[in-house]
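Chain residues, written in single-letter form:
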Amino acid sequence: MTQAPVTPKAARRRHDREIVALAVPAFGALVAEPLFLMADSAIVGHLGTAQLAGLAVASALLTTAVSVFVFLAYATTAAVARRVGAGDPRAAIQQGMDGIWLALLLGAAVIAVVLPTAPALVEVFGASDTAAPYATTYLRISALGIPAMLVVLAATGVLRGLQNTKTPLYVAVAGFIANAALNFGLVYGADLGIAGSAWGTVIAQLGMAAIYLVVVVRGARRHGASLRPDLAGIRASAQAGTPLLVRTLALRAVLMIATAVAARLGDADVAAHQIILSLWSLLAFALDAIAIAGQAIIGRYLGADDAEGARDVCRRMVQWGIAAGVVLGVLVVAARPLFVPLFTSDPVVQDAALPALVVVALSQPICGIVFVLDGVLMGAGDGPYLAWAMLITLVVFTPVALLVPALGGGLTALWGAMTLMMAVRMVTLWVRYRSGRWAVTGATR
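First, a word on scope: everything that follows refers to the structure included in this document. As the structure is a prediction and not an experimental result, all values here were calculated from the model.

Secondary structure summary: the chain contains 15 helices and 0 strands in total. A compact globule built from 445 residues should have a C-alpha radius of gyration of about 22 Å, and the chain, at 22 Å, falls within 12% of that. In terms of principal-axis extent, the alpha carbons of the chain reach across some 75 × 50 × 35 Å. Scored against the burial criterion, the 445 residues of the chain give a buried share of 50%. By sequence separation, contacts in the chain at least 24 residues apart represent 83% of the contacts at least 6 residues apart. Entry remark: accessible area of the chain is about 19100 Å², with carbon and sulfur atoms responsible for 69%.

In structure tokens form, the structure reads like this:
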């Protein structure tokens, strides 16, 4: 009996179900991560201003150190998803184990650097004499949890590649609850102060890493994958992640330049910039959830030698990205009079933030396309192109942003430059998407 052909409408519904099934839990896990810092800040803030300032400096250093290695999640997702699509779960799990071993090695290297240099790093970030001791204490203790944080990144990539975004959500929620409880108990119950907050976070991160390792090891044993470190596999994981590391560093440079320019505009503008950047990051989490779904789904299709299916689902995800961007943009415009007063009562800061938020709102459909195509190309293992595209974007953005103080326009002009940055990213990614050269099929790229 001949099977009836799949209609375009039925294909769209199938793609929609896949996207939602992966993106919704991914969004929950993404949002849970910054709640760690919020819980730490709320608990430490009651110890005193110097302790909170120390936490802010140490957290900025830790966030930077960990975010640089986000490629552990992205590259692992793409590699594992390809093996899944090729019908080889044993090789998929093995690929994931290589990423986890790489995470442990990188984590050990970071500890070796941070522990002896913590006071100098804190000084570079401009901590005051009263805040510096607290920042150093928090940084040194929290650094012990960096290997666990990196293992969480790599193991999250493994599960995403296996088309499982629910387990990372459950682990993230459990980790947040444990972190809050441990922080409160160690800071106040054990009277350890800011050191208690750091130890609470380390213990929570170790617990999360342990849960992930149990899940991955069970999968490895079930499919006969080796748990031993494989130097060739670890080296291959590092090589695959290097272009994504370059991309991430270029993106971090964009954000640092934007903050530096905002600081030159004045205290009110940099304060408003911080408010807008926090909202922009939250919107990015929503759009990144679709991108994560893209990484997993595209990798699976290409691993199954289905380039046409990959292109079809890519088109559908772009539509999702645009629609999500429009919705988020409308919400930003509608909520901005309510959102800004939550962070400041200063009318000067509010006046700087409100018009810039309109620019942010208008840019959201562009951001939707960028995040989706970024995820698609990551899922395809097209890291070298992503690195070059982000470097080109940095080269275009830098002079435009640096001219803002001289040309005028204030914070609104700066966020216009940020929108230009996203538009350049969109063009570079769209050119690659339309070329079709990203859709390389097979178990490996």
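Turning to the packing of helix H4 (residues 89–124) against helix H9 (residues 231–265), a few remarks are in order. Two elements in contact, H4 and H9, have axes whose closest approach is 8 Å; the angle formed by their N-to-C orientations is 80°. Comparing their axes, H9 and H4 come out roughly perpendicular. Two secondary-structure elements touch here, H4 through Gln-95, Asp-98, Gly-99, Trp-101, Leu-102 and Leu-105 and H9 through Gly-233, Ile-234, Ser-237 and Ala-238. A per-class count over the contact of H4 with H9 returns 5 nonpolar, 4 polar and 1 charged.

Moving on, we get to the environment of Trp-430. One can find Trp-430 in helix H15 (residues 410–435). When its relative accessible area of 37% is taken as the criterion, Trp-430 is described as partly exposed. Separated by 244 residues in sequence, Trp-430 and Leu-186 have C-alpha atoms that sit 50 Å apart. In contact with Trp-430, other than residues within four places in its own chain, are Val-318, Ile-369 and Leu-373.

Glancing now at a positive patch on the surface. Among the surface-exposed residues, Lys-9, Arg-12, Arg-13, Arg-14 and Arg-17 lie close enough to one another that they form a single positively charged patch. Considering the arrangement of structural elements, one finds Arg-14 in helix H1 (residues 8–44). A relative accessible area of 33% means that Arg-14 is categorised as partly exposed.

For the coordinates displayed, the defined rule picks out 9 salt bridges. In this structure, the salt-bridge partner of Glu-18 is Arg-300, at a minimum N-O distance of 2.3 Å. Note that Glu-18 is positioned in helix H1 and Arg-300 in helix H10 (residues 267–303), a separation of 282 residues in sequence. Of the charged contacts in the structure, one is a salt bridge between Arg-311 and Glu-308, with a shortest N-O distance of 3.4 Å. With a gap of 3 residues between them, Arg-311 and Glu-308 both fall in helix H11 (residues 307–339), about one helical turn apart. Taken together, the salt bridges that share partners define one network made up of Glu-308, Arg-311, Asp-312 and Arg-315.

Next up on the list: the environment of Gly-107. In this fold, Gly-107 is placed in helix H4. Placed 292 residues apart in sequence, Gly-107 and Pro-399 show a C-alpha to C-alpha distance of 35 Å. With residues up to four places along the chain from it excluded, the contact list for Gly-107 reads Ile-146, Pro-147 and Leu-150.

Calculation criteria
- Residues numbered from 1 in each chain as written.
- Predicted model: local features only at pLDDT ≥ 70, side-chain atom pairs only at ≥ 80, totals over all residues.
- Heavy atoms only, no water.
- Helix = DSSP H or I, 4+ residues; strand = E, 2+ residues; numbered from the N terminus.
- Rg over C-alpha atoms; globule rule 2.2 N^0.38 Å.
- Buried < 20%, exposed > 50% of the residue type's maximum accessible area, 1.4 Å probe, protein only.
- Contact = heavy atoms within 4.5 Å.
- Areas by Shrake-Rupley, 256 points an atom, 1.4 Å probe, with all protein chains shown as cover.
- Axes fitted to C-alpha atoms, helices over the stretch in contact; angles between N-to-C directions.
- Parallel < 35°, antiparallel > 145°, perpendicular 65-115°, else oblique.
- Nonpolar A, V, L, I, M, F, W, Y, C, P; charged D, E, K, R; others polar.
- Patch = residues over 30% accessible without salt bridge, like charges linked within 9 Å, V, L, I, M, F, W, Y side chains within 5 Å.
- Salt bridge = Lys/Arg side-chain N within 4 Å of Asp/Glu carboxyl O.
- Lys, Arg positive; Asp, Glu negative; His and termini not counted.
- Charge placed at Lys NZ, Arg CZ, Asp CG, Glu CD.

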